[in-house]
Amino acid sequence: MMPKLSENYTEDTWLKLRDAVGAIQNSTSIKYNLEELYQAVENLCSYKVSPTLYKQLRQVCEDHVQAQIHQFREYPFDLCSRMNRCWQDHCRQTIMIRSIFLFLDRTYVLQNSLLPSIWDTGLELFRTHIVSDVAVQKRTVEGLLEQIELERNGETIDRSLLRSLLGMLSDLQVYRDSFEERFLTETNRLYAAEGQRLMQERDVPEYLHHVARRLEEENDRIMSYLDQSTQKPLINCIEKQLLGEHMTAILQKGLSNLLDENRVTELTLLYQLFSKGKGGLPTLLQFWRDYIKSFGGEIVCTPEKDKDMVQDLLDFKDKMDNVVQSCFARNEAFINAMKEAFETFINKRPNKPAELIAKYVDSKLRAGNKEATEEELERILDKIMIIFRFIHGKDVFEAFYKKDLAKRLLVGKSASVDAEKSMLSKLKHECGAAFTSKLEGMFKDMELSKDIMIQFKQYMQNQSEPSNIELTVNILTMGYWPSYTPMEVHLPSEMVKLQEVFKLFYLSKHSGRKLQWQPTLGHSVLKAEFKEGKKELQVSLFQTLVLLMFNEGEDFGMEEIRTATGIEEMELKRTLQSLACGKARVLNKNPRGKDVEDGDRFNFNNDFKHKLFRIKINQIQMKETVEEQVSTTERVFQDRQYQIDAAVVRIMKMRKILSHNLLVSELYNQLKFPVKPGDLKKRIESLIDRDYMERDKETPNQYHYVA
């Protein structure tokens, strides 16, 4: 059993310990060895005086901390720096005191869960007597807020001071109540005012960069001296005041310009910022969709720009694709919104885009298009197909495409059979085999014609009277090709005779078929002699008929030529214009001039010169007349009426009895082109008149199928 410690020993030991604590608190040297002091504490604790020792130590510390408050009340200047010094000293002192009283801390205090540790006691005393003093706390927080405001205004501050003081508030567990709430209120007020002011003063790109910079600065403050718990409410506050309150205004003021000018950096920043704010992306999505509809609608609905419509659409689609890829993180919602917007605006003007796309494809697939290699052409066709997908009236495209394809095939103007077949394959993949069956039929006709011509040449070699004209014929199946207006012209007897020979040959192999010659599509190569020497002229059949007249005479009037050839007046004028007013003038016109008039006379130009031996004399291309366009479009509408009629009969035959609304709904599901309810009603009335169906006698809105 250990001997009992005398009261004198206890008192003396405590005095020694108190002196040591006082020396630490006053930053003077300690008279005693630290190990000796530690041993003294251990001895006192071993002899059951721990409670008294703990109370006495707490009292000494409390008295010292209470004495510190006066310096802050009496000298309010430079409060933050003095508060920081006081806090740093207090922490250092508490650590040293704890190291001396460590045995007490680890035995008695640890065993009594209700007692705070020596370190926690130090924090509690500092919090209670210094930081919780209303006036001191208010001035300290104001000092901190003032420093942060200075930094926000671009001035340099002592960040380590702020880090230390805010760490103090956090350690003392008063950070949120004493500082954070006030800080966030001030921040909210500052950025609300700044957002309102800068939205008036700056353009959108500048404003976006400013918001990004502010977010970066505030994140840097969190990393440097603010508590991590402040991050979320602080960033939310900036996003709300600088973005959330101005989302619509930012987009109204600047999105169109950013997209028009293709400002990739700012658009990327816009997307990143809006993806952080609540409801930002849905708002941006709506404005993006509206922009595409508006810009695209202008391209499609401005007739003056029809010439460049398709190229403008392709460029616009490329530009929008790039924005989605580079700026909007390939967001699926934005891709879908773009598709929906394109489909909406491209169908605002029925039929015209489909017609112009067909003509654009024709310009790219025609021979002489040297602007693209095969790979580039393939890429262009792929892009065209994307635009084509958006069109509702694909039958209009088909009609114009078929007409242009026929021209390319018949006059050998196709740039590449591979490219033609590639386009056909794309159309088939997109619209199905039914859509391309006629177009494929046209290619088959051309291939079959080649085989027939090989057989015909062999047939001609066996004839007793071989012709000095070499004839090539393309056999076109009427259902596949566009319909051509028949024109009766006066052919030379040798040509007529050769036509008859071919007719006999062909019908002997394909009896029951009817051949109808199409002079408008014919062309030939003529041998001509000029002073300079012999030349070959590559000309149309109409040009041929005109030129052959000059074998019979030297000078002819317009009316004489028309009577002799039988060519229709407008066609003849264009033919004579190509021969007498174009680049290769094999005829002279009197009087001279660019246009052909009724009284003009023509003679053979014997002085004609040209560096080439074979010269192609282009027919003056009559731009497709409004009548031709209307005629093609009308044929499409006529086909649509047949399709509607067939669909109605098909549905009624299957259902027998059906209400008007259900019938219309079924028709919309089956028809592959846009149609108005009024047009459907007219077709239904027409079928009732023709006894394919009838109205119910009691319910007029119900129809019965008539077998």
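Right above here is the structure, for reference.
Just so you know, these numbers come straight off a predicted model, no measurement behind them.

J.: Any details on a negative patch on the surface? Residues and values, ideally.
T.: Together, Glu374, Glu375, Glu376 and Asp418 make up a negatively charged patch on the protein surface. The leading source of residues in the negative patch is helix α18 (residues 374–389), at three residues. Along the chain, Glu376 falls in helix α18. The exposure class of Glu376 is partly exposed, given its relative accessible area of 32%.

J.: Lay out the sheet that holds strand β9 (residues 702–705) with the relevant residues and their values.
T.: In spatial order, the strands read β7-β9-β8; together these three strands make up an open sheet with antiparallel pairing. At either end of the open sheet lies a strand with only one pairing partner, and these are β7 (657–659) and β8 (693–695). With direction set aside, neighbouring strand axes in the sheet form an average angle of 30 degrees. Two strands pair when backbone bridges link them, and β7 and β9 are joined in this way by three bridges, in the antiparallel orientation. Paired with Leu658 across the bridge in β9 is Tyr703. Packing against the sheet, helix α27 (residues 660–670) makes contact with β7, β8 and β9, and its axis sits at approximately 90 degrees to β7. Lying on the sheet, helix α28 (residues 677–689) is in contact with β8 and β9; it crosses β8 at an angle near 105 degrees.

J.: Which residues make up the pairing of strand β2 (residues 533–540), and what values go with them?
T.: Note that strand β1 (residues 523–530) and β2 share eight bridges and pair antiparallel. Across the sheet, Val525 pairs through a bridge with Gln538, a residue of β2. The hairpin turn running from β1 into β2, its antiparallel successor, is two residues long. Bridge count for β2 against strand β6 (residues 614–616) is three bridges, and the pairing is parallel. Looking at β6, one finds that Gln538 is bridged to Lys616.

J.: Kindly report on the nonpolar core, identifying the contributing residues and their values.
T.: With 144 residues, the main nonpolar core has Phe101, Phe179 and Trp288 as its most contacted residues. Looking at this core, the element that brings in the most residues is helix α19 (residues 394–410), giving nine residues. With residues near it in sequence (within four places) discarded, Trp288 still touches Leu255, Leu259, Met320, Val323, Val324, Phe328, Phe334, Ala337 and Met338. Among the nonpolar cores identified, the runner-up in size contains 32 residues, and Leu541, Leu545, Val546 and Phe550 belong to it.

J.: So what's going on with the sheet that holds β2? Which residues, and what values?
T.: The strand order across the open sheet formed by three strands is β1-β2-β6, and the pairing between neighbours is mixed. The outermost strands of the open sheet, each flanked by one partner alone, are β1 and β6. Taken over all neighbouring pairs, the strand axes of this sheet differ in orientation by 25 degrees on average, direction set aside.

J.: Before we move on, could you go through helix α23 (residues 541–548) and cite the residues and values that matter?
T.: Within α23, seven of the eight residues are buried, which leaves the element mostly enclosed by the surrounding structure. Buried residues of α23: Leu541, Phe542, Gln543, Thr544, Leu545, Val546 and Leu547, and no others. Close packing links the buried residues of α23 with α22 (493–509), β1, β2, α24 (558–565), α25 (569–580) and β4 (587–590).

J.: Would you mind going over the packing of aromatic side chains in detail, with residue names and values included?
T.: Applying the stated criterion to the full structure yields 29 aromatic pairs. Measuring from centroid to centroid gives 5.4 Å for Phe397 and Tyr401, while their planes differ by 15 degrees, and the two rings are stacked. Of this pair, Phe397 and Tyr401 are both found in helix α19, four residues apart, which corresponds to roughly one turn of the helix. Accessibility assignment for this pair places Phe397 and Tyr401 in one class, buried. Each member of the aromatic cluster is reached from another via a ring pair, and the members are Tyr291, Phe295, Phe316, Phe342, Phe345 and Phe390. Seen from the ring of Phe388, Lys394 lies directly overhead, with NZ or CZ sitting 5.3 Å from the centre.

J.: Kindly report on α25, identifying the contributing residues and their values.
T.: Relative to the 16 Å expected for twelve residues at 1.5 Å per residue, α25 spans 16 Å between its end C-alpha atoms, a close match to the ideal helical length. Counting buried residues along α25, ten of its twelve residues qualify, which places the element largely inside the surrounding structure. Contact partners of the buried residues in α25: α23, α24, β4 and β5 (601–604). Two or three places before Met570, at the start of α25, stands the capping residue Glu568, its side-chain oxygen 3.1 Å from that residue's backbone nitrogen.

J.: An account of unusual backbone geometry is needed here, citing residue identities and associated values.
T.: A cis amide bond, omega -5 degrees, links Asn590 with the succeeding residue Pro591. Locating Pro591 in the fold gives a position in the loop between β4 and β5. At Asn262, a position not held by glycine, the phi torsion is positive, near 55 degrees. A relative accessible area of 31% means that Asn262 is categorised as partly exposed. Residue Asn351 is not a glycine yet carries a positive backbone phi of 75 degrees. The partly exposed category is assigned to Asn351, whose relative accessible area is 21%.

J.: Can you break down the packing of helix α7 (residues 134–152) against helix α10 (residues 204–224) residue by residue, with the values?
T.: Between α7 and α10, whose axes approach to 12 Å, the crossing angle comes to 140 degrees. When the axes of α7 and α10 are compared, the crossing they make is right-handed. In this structure, α7 contributes Ile148, Glu151 and Arg152 to the contact, and α10 contributes Arg214, Glu218 and Arg221. Partitioned by chemical class, the residues of the contact of α7 with α10 number one nonpolar, no polar and five charged.

J.: Summarise the pattern of salt bridges; cite the residues concerned and give the values.
T.: For the structure on display, the rule yields 50 salt bridges. Across the pair Lys426 and Asp382 runs a salt bridge whose closest N-O atoms are separated by 2.7 Å. In this pair, Lys426 is assigned in helix α20 (residues 417–431) and Asp382 in helix α18, connecting sequence segments 44 residues apart. Using a relative accessible area of 14% as the deciding quantity, one classes Lys426 as buried. Taking the shortest distance from any N to any O, the salt bridge between Glu470 and Lys457 comes out at 3.9 Å. Pair noted here: Glu470 is in the loop between α21 (433–461) and α22 and Lys457 is in helix α21, with a separation of 13 residues, a long-range link. Given a relative accessible area of 66%, Glu470 falls into the exposed group. A relative accessible area of 41% means that Lys457 is categorised as partly exposed. Among the charged side chains, a network of salt bridges with common partners joins Glu151, Arg152, Arg159, Glu218, Asp220 and Arg221.

J.: I'd like a rundown of the environment of Thr699, residues and numbers included.
T.: Within the secondary structure, Thr699 sits in the loop between β8 and β9. Taking the C-alpha atoms as reference points, Thr699 and Ser659, 40 residues apart in sequence, are found 9.0 Å from one another.

J.: Tell me about the packing of α20 against α21, and name the residues and values.
T.: Interaxial distance between α20 and α21 falls to 8 Å at its minimum, and their mutual angle equals 155 degrees. Judged by the inter-axis angle, α20 sits roughly antiparallel to α21. Our pair here, α20 against α21, has a crossing hand that is left-handed. From α20, Glu420, Lys421, Leu424, Leu427, Lys428 and Cys431 reach across to α21, where they touch Ala433, Phe435, Thr436, Leu439, Glu440, Phe443 and Glu447. Each residue belonging to the contact of α20 with α21 can be placed in one class, and the counts come to seven nonpolar, one polar and five charged.

What counts and what doesn't
Residues numbered from 1 in each chain as written. Predicted model: local features only at pLDDT ≥ 70, side-chain atom pairs only at ≥ 80, totals over all residues. Heavy atoms only, no water. Patch = residues over 30% accessible without salt bridge, like charges linked within 9 Å, V, L, I, M, F, W, Y side chains within 5 Å. Areas by Shrake-Rupley, 256 points an atom, 1.4 Å probe, with all protein chains shown as cover. Salt bridge = Lys/Arg side-chain N within 4 Å of Asp/Glu carboxyl O. Lys, Arg positive; Asp, Glu negative; His and termini not counted. Charge placed at Lys NZ, Arg CZ, Asp CG, Glu CD. Helix = DSSP H or I, 4+ residues; strand = E, 2+ residues; numbered from the N terminus. Buried < 20%, exposed > 50% of the residue type's maximum accessible area, 1.4 Å probe, protein only. Pairing = 2+ DSSP bridges. Axes fitted to C-alpha atoms, helices over the stretch in contact; angles between N-to-C directions. Contact = heavy atoms within 4.5 Å. Core = buried A, V, L, I, M, F, W, Y, C linked by side-chain atoms within 4.5 Å. Phe/Tyr/Trp six-rings, centres within 6.5 Å; stacked < 30°, edge-to-face > 60°. Lys NZ or Arg CZ within 6 Å of the ring centre and 35° of its normal. Expected span 1.5 Å × (residues − 1). Polar contact = N/O pair within 3.5 Å; in protein donor to acceptor, adjacent residues only side chain to side chain. Left-handed = near helix turned anticlockwise from the far one by under 90°. Nonpolar A, V, L, I, M, F, W, Y, C, P; charged D, E, K, R; others polar. Parallel < 35°, antiparallel > 145°, perpendicular 65-115°, else oblique.

Limitation: the analysis is restricted to geometry and does not speak to function.
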